[in-house]
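What follows is each chain in one-letter form.
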Amino acid sequence: MSENQGSPVQGAQVVGRIALLLRLVGRNPAGTPLAEIVRDSGLTRPTVHRLLSSLAAEGILDHDPISHTWHYGPEIFVMGAVAAQRYPIEELARPSLQRLAEETGESAFLSIRRGAETVCLLREEGSFPIRSFVLHEGVRFPLGVASAGIAILAFLPEAEAEQLLVQDEAFVARWGEQHSPDAIRANLSRTRVTGYSVNPGLIFEGSWGMGAAIFDRANRPTWALSLTGIEPRFRPERQQVLGQLLLEEANRITRLLQKPGLPGDPG
C-alpha cells in the first residue's frame, strides 16, 4: 500500500483522537488535568500534550497555567452557539426544567444520547438546600447507568438495546455489578411499565435520580429529562408524583419537537 493510500486511515485516527480528547476535557467544567486525560485516553503523554497544545493554538481549548488544567476555549463557544440555532432542544426544554425544579425542589437536567452514552446539556437547580452533585453539564454516562440513560435505553428497539448491553472488563470495573446486563434489563423492564426510570443510588450511595425520555420526529428516544437528589426525597410514595411530572414535561417537549417548521425540519 502506498503512503497516499494509508493517509485517510491516519487522518481518521487523528480525528478520532481529537474527538476523544475534547470529550475528556469537557467532562469537568472546573477543568481537567493532563494526567487524567492521559489516563482515560489510553494515549501517551507526549501525544496528548501535542494534540491539546495544537487545539489550544486554534482557540478550541484553553490551558490554565495556575491550576494546570485544560478547558474548552472560545472557539468551542462560537461553534456551540451556531449549532444551537439548528437544534432547538435547549430552548424548548428550558421552561420544562424550570417548572420541574420549581415544583419539586430537586435539580432538573436535560441529557442527550450520543452513541452509547448520555451527555448532560442543561441543568436547573431546585430550592431544596441539600443536592446531589453527580450530574452537571458535560458529564457522560453509559446508556443504562444513570436515570436518563435508562429512560432512553428502555424505549430503543430491543435488538439495539441488547447490543448496547455488551460489557467489557473495564465497564464492570468502573460501574460495578449493580450495572450488570441482568440488573440493567430488570431496570429497563420496570421503566417500560411506569414510563419513567429510577436510579436508586446505584452510582453513588444516597444519590437518587429519575428520568423520562423525549422522542424525536422519528419517534426515537433521543433526549431525557431527569431529577436528582438525596434518597429521602425519592421515597416510594413520592416517586409516582415525580415520575408523572417528568412524563408530562417530556411529552410536552416531544410534541413541540414533532411540530413542523422547527429549524432542521425537512418539511
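Look a little higher up for the structure.
Quick summary incoming for the structure in this document. (Residues numbered from 1 in each chain as written. Predicted model: local features only at pLDDT ≥ 70, side-chain atom pairs only at ≥ 80, totals over all residues. Heavy atoms only, no water.)

Moving on: helix H10 (residues 236-257). Residue pairs spaced three or four apart in an α-helix point in one direction, given the helix's 3.6 residues per turn. With 22 residues, H10 extends 31 Å from end C-alpha to end C-alpha; this agrees with the ideal 32 Å at 1.5 Å per step. Every buried residue of H10 is accounted for by Gln239, Leu242, Gly243, Leu245, Leu246, Leu247, Glu249, Ala250, Ile253, Thr254 and Leu257. At its buried positions, H10 is contacted by helix H5 (89-104), helix H9 (181-194), strand S7 (197-199), strand S8 (207-215) and strand S9 (221-230). (Helix = DSSP H or I, 4+ residues; strand = E, 2+ residues; numbered from the N terminus. Expected span 1.5 Å × (residues − 1). Buried < 20%, exposed > 50% of the residue type's maximum accessible area, 1.4 Å probe, protein only. Contact = heavy atoms within 4.5 Å.)

Below, the discussion takes up the sheet that holds strand S3 (residues 69-72). Strand order in the open sheet formed by three strands is S1-S3-S2, with antiparallel pairing between adjacent strands. Each of the sheet's edge strands pairs with one partner strand only, and the pair in question is strand S1 (32-33) and strand S2 (61-64). One ladder, built from four bridges, connects S2 with S3; its direction is antiparallel. Within S3, the position partnered with Asp64 by the bridge is Thr69. (Pairing = 2+ DSSP bridges.)

What follows concerns the environment of Ala57. If you trace the backbone, Ala57 turns up in helix H3 (residues 45-57). Taking the C-alpha atoms as reference points, Ala57 and Gly73, 16 residues apart in sequence, are found 9.9 Å from one another.

Right, let's get into the sheet that holds S7. Spatially, six strands are ordered S6-S5-S4-S9-S8-S7 in an open sheet, and the strand pairing comes out antiparallel. Each of the sheet's edge strands pairs with one partner strand only, and the pair in question is strand S6 (140-142) and S7. Looking at each pair of strands side by side, their axes are set apart by 30 degrees on average, direction ignored. Pairing geometry for strand S4 (residues 107-114) and strand S5 (residues 117-124), over seven bridges, is antiparallel. The residue of S5 that forms the bridge with Leu110 is Leu122. (Axes fitted to C-alpha atoms, helices over the stretch in contact; angles between N-to-C directions.)

Axis separation between helix H6 (residues 147-154) and H9 bottoms out at 9 Å; the angle between their running directions is 70 degrees. The pairing of H6 with H9 is recorded here as roughly perpendicular in orientation. Touching Ile150, Ala151, Leu153 and Ala154 of H6 are Ile184, Asn187, Leu188, Thr191 and Arg192, all from H9. Among the residues forming the contact of H6 with H9, the class breakdown is six nonpolar, two polar and one charged. (Parallel < 35°, antiparallel > 145°, perpendicular 65-115°, else oblique. Nonpolar A, V, L, I, M, F, W, Y, C, P; charged D, E, K, R; others polar.)

Ranked by size, the top nonpolar core spans 28 residues in total, and within it Leu110, Ile214 and Leu225 carry the most contacts. Elements that contribute at least two residues to this core include exactly H5, S4, S5, S8, S9 and H10. Sort the elements by how many residues they give to this core and H10 lands first, with seven residues. Those residues in contact with Ile214, other than ones at most four positions away along the chain, are Leu110, Arg220, Pro221, Thr222, Trp223, Ala224, Leu225, Ala250, Ile253, Thr254 and Leu257. (Core = buried A, V, L, I, M, F, W, Y, C linked by side-chain atoms within 4.5 Å.)

Attention now goes to H9. Counted at 1.5 Å a residue, the expected span for H9 with its 14 residues is 20 Å, and the 20 Å between its end C-alpha atoms agrees. Residues Ile184, Asn187, Leu188 and Thr191 constitute the buried set of H9. Looking straight down H9, one finds that the buried residues subtend no more than 105 degrees of arc, so they occupy a single side. Every exposed residue of H9 that faces more than 90 degrees away from the buried side is listed here: Asp182 and Val193. Close packing links the buried residues of H9 with H6 and S7. Directly after H9, the chain includes Gly195, whose backbone phi takes a positive value near 95 degrees. (Arc of directions from axis to C-beta.)

Our focus in this paragraph is the pattern of salt bridges. The final tally for this structure, using the stated rule, is 12 salt bridges. The salt bridge partner of Arg220 is Glu160, with a shortest N-O separation of 2.9 Å. Residue Arg220 is located in the loop between S8 and S9, and its partner Glu160 is located in helix H7 (residues 158-164); the two are separated by 60 residues in the primary sequence. Across the pair Glu162 and Arg185 runs a salt bridge whose closest N-O atoms are separated by 2.9 Å. In this pair, Glu162 is assigned in helix H7 and Arg185 in helix H9, connecting sequence segments 23 residues apart. Here the salt bridges do not stand alone but share partners, grouping Arg99, Glu249 and Arg252 into one network. (Salt bridge = Lys/Arg side-chain N within 4 Å of Asp/Glu carboxyl O.)

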